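Summary of structural features
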Amino acid sequence: MIDKSFLSGMSGEGFDSLYRQWQYSADSVPEEWRRFLSGFELGLDSAFSTNDCFDEHAALKLSGVQSLIYRYRSLGHLLACTDPLSPCRLSHPLLELSNFGLDDGDLDTIFACRRFLKPRASLREVLDAMRETYCRETGVEFMHIQDPDERQWLIDRMESCRNRPVFSTAEKLHILEKLHQAALFEQFMHRRFVGQKRFSLEGGEILIPVLDRIVHGCAEAGISDVVMGMSHRGRLNVLAHILRKPYETLFAEFKENISLGFLGDGDVKYHKGHSCDIDLNGHRVHVTIAANPSHLEAVNAVVEGKCRARQDRFGAEGAGKVLPVLIHGDAAFAGQGSIMEVLNMSQLDGYGTGGTIHVVLNNQIGFTTLPKDSRSTCYATDVAKMLSCPIFHIQGEAPESALHAVDLAMEYRRTFCRDVVIELICYRRHGHNEGDEPAFTQPKMYRQIAARPPVSRIYEALLAEEAIATPETLELLERHVNETLESSFSKPPVIDPAGFSDRWSAISSEYSAKPVETAVSVEKLVTLARRLAVLPSGFMPHAKIGTLIQKRFESVLKGEGIDWGNAETLAYATLLDQGYSVRISGQDSRRGTFNHRHCVLIDSTTEQNYMPLETVVRDGARFQAWNSSLSEFGVLGFEYGYSLELPLCLTLWEAQFGDFANGAQVVIDQFIASGETKWDRASGLVMLLPHGYEGQGAEHSSARIERYLQLCASDNMVVACPSTPAQMFHLLRRQMLQSFRKPLIVFTPKSLLRHPVCSSTTAEFCDGSFQACLIPSGGFSAARQVLFCSGKIYFELEEERIRLHKDDTVIVRIEQLYPLDRAALQSVIDQCGSECRLYWVQEEPENMGAWHYMDRHFREMSALVGYIGRPADSCPAVGSHHIHAEQQAEILSRVFLE
């Protein structure tokens, strides 16, 4: 007898797949399966032999029924009635009975059914179940999910109720109340603030009960934090009715008689963030909506980063406690590449957040552009299929179907920790904004829209027809919403709390140039270096890495020869030892693009990971290092969001080359450089940007220093170009130990990472702090030439100065470009004699680098400083290594011209 224990746990679909594999190649399946399947096929041959007991016609009919069930689950959404502006389709050629060898004469025939609600059912019952489940106001795409258990999970929950949920009277009245709030708020705003932009939600009011259901579902799911991200469309409505921002505050912002409550530029009202605490029968849920710019979908990665930071703070159960919710527009979801970047991050260990609820508010138009001109796919949501996640397409005037989809989405996310997409197919009642005339470009569509009542009226009529409540009760709901709006209009505003509260309460909002003590004792350095050098028993890294680890320890013991990677590691170690967390991510950041960091070691035999820095953490600190996806926009946005939540964590993003950071320019411009002045939200994010001219061409030379300096104003961020390992050590430590938080842009070296002249002694770590300017001792009275520079060019200048015995040339290094230490520069200039020549020297072309920025400051100090560097160019560097060397030599020749 064959042992059939191996059959346990095998699903029907799994068996079908294995059977087909065996038929194709019997040797490709295990021996016990070969024996079983041989007997199975023998039984089939006997059953299907040509005798009176076998009806081939009936077998084909039965097969057709199974195919029909599968087809409806796969393509039933094509027949679903989900567009409120289009008549419902009554048939689809791919779902005709004739495609399955069936006809109307089979409707009352009873068939055996696999993986269906009933083991035996008539074709009529099967069709009714499939059409009601998949072809009404809910269309579902889920058969692309590769895991059969996930598909069956959805089938069991959708077909059992035919996607037609049962709501209580109280729930239905609550839905109507939220719809009235959404609709009447917009109408009130339209009357009171004529012509002002508000980016109305009208036509998509269903969004409010959907988000309300998500928030209320958090109690059952054990979620304590919800972080939302969305663009401008309907944002004011969401702020009022989900985030509970007081009406009177919103009205005051439209009247423009409210103080912003903080010093800065502020932002338009439909970009602002907000947060509130909601009590759900004793379960508190903190709901936040992140501030965002007009750049569509840019906030998504920021929200994911904020959520991951909160989850990390909660610990192992964090993913179940913090829920990301992203609200998208249809045109943006299909058109913005950042969508794919964020979706791709969702299942990565360093960036996952346990699944995101995506709500796509489909207006069926992007400004004035129709779907046929804005996407190449059937649905706006098709890009999400890359995640093999369920996608629900909901008719925008069917709120109960939408809330059923929310319930499924919340339970699916809790069960499988994966993203879910809910598309609400609705329309936009007005133009892109309230002053726009949409009939110029879509006259037919807007005639239809003008004739449609709001969804609140449609649902109210449905409840009246169902006799859910008396007409007086229904009228009272609407009257209460109107009275609340009217009474709030004359009330004084409730001022939003300023930033720098809760976890930020100990952080100052003011920049300070006061020196920060960042030195560490020799004993502490040696202790930490020793612990970092000890590997677990049996752990065997690559031989060269093992040697590197020991050399790092030996250099600390000797007190000299500490290179860049060692100094950076020691900076992290000392911060971790003081209870500060450290998170670094980016492309290849664990090893480092230039092979200098090696903060994660790999066993040469087992490929097991080991992080030495985890051995020095104290007081609940945590060290994380992640190799990111090949993304700048998404990952930098994520790390910015992470930094907003954890001011006591050194959060770093490293570009593979500084040149590539402009792939995230929207994040740099709209969030990092200006987020604090717009939204009163500070960030201590560190950007590490490898920079330096070494003959590697236009895309591997420049991190575009000039662009960051153009963004600098009002002490909004710090821009530095440290030239020694010790300076990097002090700079990173200062970022955590100073009283405030500002983004830190660091231009890091490449060829200098292991250059023998670019090393530091322990004395430099154990004394002092970061120096904004490195000024040689000895004074300037004898100097005939003073060179100001920043970065790698210093070492070439110094080498040439020594070679030529130019003792009358003094080189001053500007280590912090912004905020600039003008007092130190003025002191240098004041010490120079009238015959002393002053030059700014740089590798970059004249129209790039720091020259124009420095020239302005020199002029304001009444200093006549000349320029030496490459001539202005349209690209940062030449492609020829030979020409590069000639240009570099020309710079040195001009500097030391007799």
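For the structure itself, look to the data block above.
The next point concerns the packing of aromatic side chains. Counted under the stated rule, the structure contains 25 aromatic pairs. When the ring of Trp153 is compared with that of Tyr412, the centres are 5.9 Å apart and the planes differ by 65°; the resulting orientation is edge-to-face. With Trp153 in helix H5 (residues 148-159) and Tyr412 in helix H15 (residues 399-416), this pair connects stretches of sequence that are 259 residues apart. Comparing Trp153 with Tyr412, the two get one shared label, buried. Of the aromatic side chains, those joined through ring pairs into one cluster are Phe185, Phe188, Phe193, Tyr247, Phe251, Phe254 and Phe489. In this structure, Arg192 is placed above the aromatic ring of Phe489, and the distance from its NZ or CZ to the ring centre is 4.2 Å.

Once that is clear, we can look at the sheet that holds strand S24 (residues 866-870). The mixed open sheet is built from 5 strands, whose spatial order is S19-S21-S20-S23-S24. Lying at the two open borders of the sheet, with one neighbouring strand each, are strand S19 (773-774) and S24. In the sheet, strand S23 (residues 837-845) pairs with S24 via 4 bridges, with the strands oriented parallel. Within S24, the residue paired with Pro845 across the bridge is Arg870.

Let us now look at the pattern of salt bridges. Taken as a whole and assessed by the stated rule, the structure comprises 48 salt bridges. Linking Arg822 and Glu860 is a salt bridge whose minimum nitrogen-to-oxygen distance equals 2.4 Å. Here the residue Arg822 occupies a position in helix H29 (residues 822-831), and Glu860 occupies one in helix H30 (residues 851-860), the gap between them amounting to 38 residues. Taken together, the shared-partner salt bridges connect Asp225, Lys306, Arg310, Arg503 and Glu645 into one network.

Glancing now at helix H17 (residues 455-465). All buried positions along H17 are accounted for by Val455, Ser456, Tyr459, Glu460 and Leu463. Taken end-on, H17 shows its buried residues confined to a sector of 135°, consistent with a single buried face. Buried residues belonging to H17 abut helix H6 (169-192), H15 and helix H18 (471-489). Of the residues flanking the end of H17, it is Ala467, one or two places downstream, whose phi is positive at about 55°.

Taken N-terminus to C-terminus, the directions of H6 and helix H10 (residues 247-255) make an angle of 30°; their axes are 12 Å apart at the nearest point. The angle between H6 and H10 falls in the class roughly parallel. When you trace H6 past H10, the crossing you get is right-handed. Contacts between H6 and H10 involve Phe185, Phe188 and Met189 on the former and, on the latter, Tyr247, Leu250, Phe251 and Phe254. By residue class, the composition of the contact of H6 with H10 is 7 nonpolar, no polar and no charged.

Let us now look at the environment of Asp807. Here Asp807 shows up in the loop between helix H28 (793-803) and strand S21 (809-814). A relative accessible area of 67% places Asp807 in the exposed class. In this structure, the C-alpha to C-alpha distance between Asp807 and Ala783, residues 24 residues apart in sequence, is 7.9 Å.

Turning our attention to the pairing of strand S18 (residues 744-748). For a regular strand, the rule is simple: side chains alternate between the two faces of the sheet. Along S18, 5 of the 5 residues are buried, which leaves the element largely enclosed by surrounding structure. Every second residue of S18 is oriented toward a common face, with Leu744, Val746 and Thr748 on one face and Ile745 and Phe747 on the other, all of them buried. Of the pairings in the sheet, the one linking strand S16 (residues 686-690) to S18 comprises 5 bridges and is parallel in character. Of the residues in S18, the one forming a bridge with Leu689 is Phe747. Bridge analysis of strand S17 (residues 718-720) against S18 gives 3 bridges, and the strand direction is parallel. In the strand pairing of S18, Val719 is matched with Ile745.

Turning our attention to the sheet that holds S17. Taken in spatial order, the 7 strands line up as S14-S11-S15-S16-S18-S17-S22 in an open sheet, and their pairing is mixed. With partners counted over all chains shown, the strands left at the sheet margins are strand S14 (623-627) and strand S22 (816-818), one partner each. Pairwise comparison of adjacent strand axes, ignoring direction, gives a mean angle of 20° for this sheet.

As a further point, take the state of the cysteines. For the structure shown, the criterion picks out 1 disulfide. A disulfide bridge connects Cys81 with Cys88, and the sulfur atoms are separated by 1.6 Å. In this structure the cystine formed by Cys81 and Cys88 twists about its S-S bond by roughly -40°; its chirality is therefore left-handed. By relative accessible area, which is 16% here, Cys81 ends up buried. We classify Cys88 as partly exposed; its relative accessible area is 41%.

Another point: the side chain of Gln785. For Gln785, the position within the fold is in strand S20 (residues 785-789). Overall, Gln785 belongs to the buried group, its relative accessible area being 4%. Among the polar contacts listed, one links the side chain of Gln785 to the side chain of Thr809, at a separation of 3.3 Å.

How each quantity is defined
- Residues numbered from 1 in each chain as written.
- Predicted model: local features only at pLDDT ≥ 70, side-chain atom pairs only at ≥ 80, totals over all residues.
- Heavy atoms only, no water.
- Phe/Tyr/Trp six-rings, centres within 6.5 Å; stacked < 30°, edge-to-face > 60°.
- Helix = DSSP H or I, 4+ residues; strand = E, 2+ residues; numbered from the N terminus.
- Buried < 20%, exposed > 50% of the residue type's maximum accessible area, 1.4 Å probe, protein only.
- Lys NZ or Arg CZ within 6 Å of the ring centre and 35° of its normal.
- Pairing = 2+ DSSP bridges.
- Salt bridge = Lys/Arg side-chain N within 4 Å of Asp/Glu carboxyl O.
- Arc of directions from axis to C-beta.
- Contact = heavy atoms within 4.5 Å.
- Axes fitted to C-alpha atoms, helices over the stretch in contact; angles between N-to-C directions.
- Parallel < 35°, antiparallel > 145°, perpendicular 65-115°, else oblique.
- Left-handed = near helix turned anticlockwise from the far one by under 90°.
- Nonpolar A, V, L, I, M, F, W, Y, C, P; charged D, E, K, R; others polar.
- Disulfide = S-S within 2.5 Å.
- Polar contact = N/O pair within 3.5 Å; in protein donor to acceptor, adjacent residues only side chain to side chain.

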